[in-house]
Amino acid sequence: MSSVIASTRLSVLDRSRIRAGHEGPEALRDTVAFAQEAERLGYHRFWVSEHHSVPGVAGSAPTVLAAAVAAATSTIRVGTGGVMLPNHQPLVVAEQFGVLESLFPGRIDMGLGRSVGFTDGIRKALGHGKDDADAFPARLTELLGYFDGTQTAHPQVHARPAEGLRVPAFVLATGQGALLAAEAGLPLVIANVRGEDAMLRVIDDYRESFRPSAWSERPYVVLSGTVAVAADTEEAHRILLPEAWSTAYSRTRGAFPPLSPAEDIDAATMTDRERTLFEEALRGQIHGTEDEVADALEKLLARSAADEYLVTTSTYDRAAMLDSYRRLARLAGLTSASA
């Protein structure tokens, strides 16, 4: 086993993806069951996400779902990847995480993003616009201030029961957002969305610009991405197909659909643009046998010096997905070879 992998925390982000022929409520129940398995396998954190009016994603209320996950588990850290702060008032977010931390002390993480709704209609329904993302730094400062009692945006307003509690905060970001994390002195969660070299440059900038804070004394980097592990390379590749097609579909039609079986995607007729986007979505994903994945993951972790890897793998075949997470846990030394 690689010493680099063994010294890096492995965690899970599940977006409660809906599968074709299944319904949203089932996806949410699957997320809770998945969290129990992730805890058994030894993963460090289990996070859930926020998406609104997306046909293929059931996870629309991350703090509510995090409460269900935390109640169904006992040791794994539970959090959000993330709450989209432009969609919410900081006071309400602080109150929600204060309740979570009070009910499940020492196990709650507060992952925060600056994205707004996917379409104009969703943004209007949420009461926000694209420009609200620019207010993220001020909202972040206000939110953190509710926990330590230093917020000045609304004098004499206190977040109960958040004030006095310490919930670890993370910023989900790319590019400029990473510098916001550095300026706030918070851990960074970043995905390879513009290529590995570009991501590594952003990480370097984050580390160079980091300002120690009461929340974090040093830079902390969490890489986020897909990892698919199977008995052979082709089987691992098939795990990637449903999410890659969903991504390509969304970029041509404006909505993420439910995940389709890999065999349906193999048989699908794609336009040239769809095929290009589909192949782009597959590019850079870590997949293969346990040995192949261990080699690729070791190289990425060594290049980035990341502190943690947040695995985001989703697919139609849940048995294959869970087997992939078990194999990954085994190669990382989280579980015994018989797990």
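Residues numbered from 1 in each chain as written. Predicted model: local features only at pLDDT ≥ 70, side-chain atom pairs only at ≥ 80, totals over all residues. Heavy atoms only, no water.

Draft legend 1. Highlighting a negative patch on the surface. Taken together, D232, E234, E235, D291, E292 and D317 make up a surface patch of like negative charges. At the level of elements, helix 9 (233-253) and helix 12 (290-304) are the ones that each hand at least two residues to the negative patch. The exposure class assigned to D291 is exposed, which follows from its relative accessible area of 66%. (Patch = residues over 30% accessible without salt bridge, like charges linked within 9 Å, V, L, I, M, F, W, Y side chains within 5 Å. Areas by Shrake-Rupley, 256 points an atom, 1.4 Å probe, with all protein chains shown as cover. Salt bridge = Lys/Arg side-chain N within 4 Å of Asp/Glu carboxyl O. Lys, Arg positive; Asp, Glu negative; His and termini not counted. Charge placed at Lys NZ, Arg CZ, Asp CG, Glu CD. Helix = DSSP H or I, 4+ residues; strand = E, 2+ residues; numbered from the N terminus. Buried < 20%, exposed > 50% of the residue type's maximum accessible area, 1.4 Å probe, protein only.)

Draft legend 2. Spatial organisation of the nonpolar core. In terms of nonpolar packing, the biggest core is built from 73 residues, with Y43, L223, Y309 and L328 touching the most fellow members. By size, the runner-up hydrophobic cluster in this structure holds 17 residues, among which are L240, A262, M270 and L282. (Core = buried A, V, L, I, M, F, W, Y, C linked by side-chain atoms within 4.5 Å.)

Draft legend 3. Region of interest: helix 3 (residues 62-72). What helix 3 keeps buried is the set P62, T63, L65, A66, V69 and A70. On an axial view of helix 3, the arc spanned by its buried residues comes to 155°, and they lie on one face. Residues of helix 3 that are exposed and point more than 90 degrees away from the buried face comprise V64 and A71. Residues of helix 3 that are buried sit in contact with helix 2 (24-41), strand 2 (45-48), strand 3 (77-80), strand 4 (83-84) and helix 4 (90-103). (Arc of directions from axis to C-beta. Contact = heavy atoms within 4.5 Å.)

Draft legend 4. Quick peek at the pairing of strand 7 (residues 188-191). When strand 6 (residues 169-172) meets strand 7, the two strands line up parallel, connected through two bridges. Within strand 7, the residue paired with V171 across the bridge is L188. The β-α-β motif built from strand 6, the intervening helix 7 (residues 176-184) and the parallel element strand 7 has right-handed crossover chirality. By the bridge criterion, four bridges tie strand 7 to strand 8 (residues 221-225) in an arrangement that is parallel. Note that in strand 8 the partner of V189 across the bridge is V222. (Pairing = 2+ DSSP bridges. Right-handed = clockwise from strand over helix to strand, strands pointing away.)

Draft legend 5. Molecular detail of the packing of aromatic side chains. Summed over all chains, the structure comprises seven aromatic pairs. Seen in terms of ring centroids, Y43 and Y325 are 5.8 Å apart; in terms of plane orientation they differ by 75°. Their pairing is edge-to-face. Highlighted residues: Y43 in the loop between helix 2 and strand 2 and Y325 in helix 13 (residues 318-331), separated in sequence by 282 residues. Here Y43 and Y325 have matching classes, each one buried. Considering the side-chain rings of F147 and W215, the 6.1 Å spacing of their centres and the 90° angle between planes classify their relative orientation as edge-to-face. (Phe/Tyr/Trp six-rings, centres within 6.5 Å; stacked < 30°, edge-to-face > 60°.)

Draft legend 6. Region of interest: the environment of N192. Tracing the backbone shows N192 in the loop between strand 7 and helix 8 (196-209). Residues N192 and V99 lie 93 residues apart in sequence; the distance between their C-alpha atoms is 33 Å. At a separation of 3.0 Å, a polar atom in the side chain of N192 contacts the main-chain amide nitrogen of G195. In terms of polar contacts, N192 uses its side chain to reach the backbone amide nitrogen of E196, at 3.2 Å. (Polar contact = N/O pair within 3.5 Å; in protein donor to acceptor, adjacent residues only side chain to side chain.)

Draft legend 7. Highlighting the pattern of salt bridges. In total, this model carries 21 salt bridges according to the counting rule given. In this structure, E308 engages R45 in a salt bridge whose closest nitrogen and oxygen atoms are separated by 2.7 Å. Here R45 lies in strand 2 and E308 lies in strand 11 (residues 308-311), a separation of 263 residues in the sequence. The exposure classification of E308 matches that of R45, with both residues buried. Between R77 and D109 there is a salt bridge, and its shortest N-O distance comes to 2.8 Å. Remark: D109 occurs in strand 5 (residues 108-113) and R77 occurs in strand 3; sequence separation between them is 32 residues. Among the residues examined, D109 registers a relative accessible area of 0% and is labelled buried.

Draft legend 8. Region of the structure containing unusual backbone geometry. Of note, the bond from G81 into G82 is cis; its omega dihedral lies within 30 degrees of zero at 0°. The topology assignment puts G82 in the loop between strand 3 and strand 4. One non-glycine residue with positive phi stands out, namely S53, at about 55°. Relative to the helices and strands, S53 resides in the loop between strand 2 and helix 3. Relative accessible area serves as the criterion here: at 63%, S53 is assigned to the exposed category. Phi is positive for A305, close to 55°, though the residue is something other than glycine. Take A305: it is sitting in the loop between helix 12 and strand 11.

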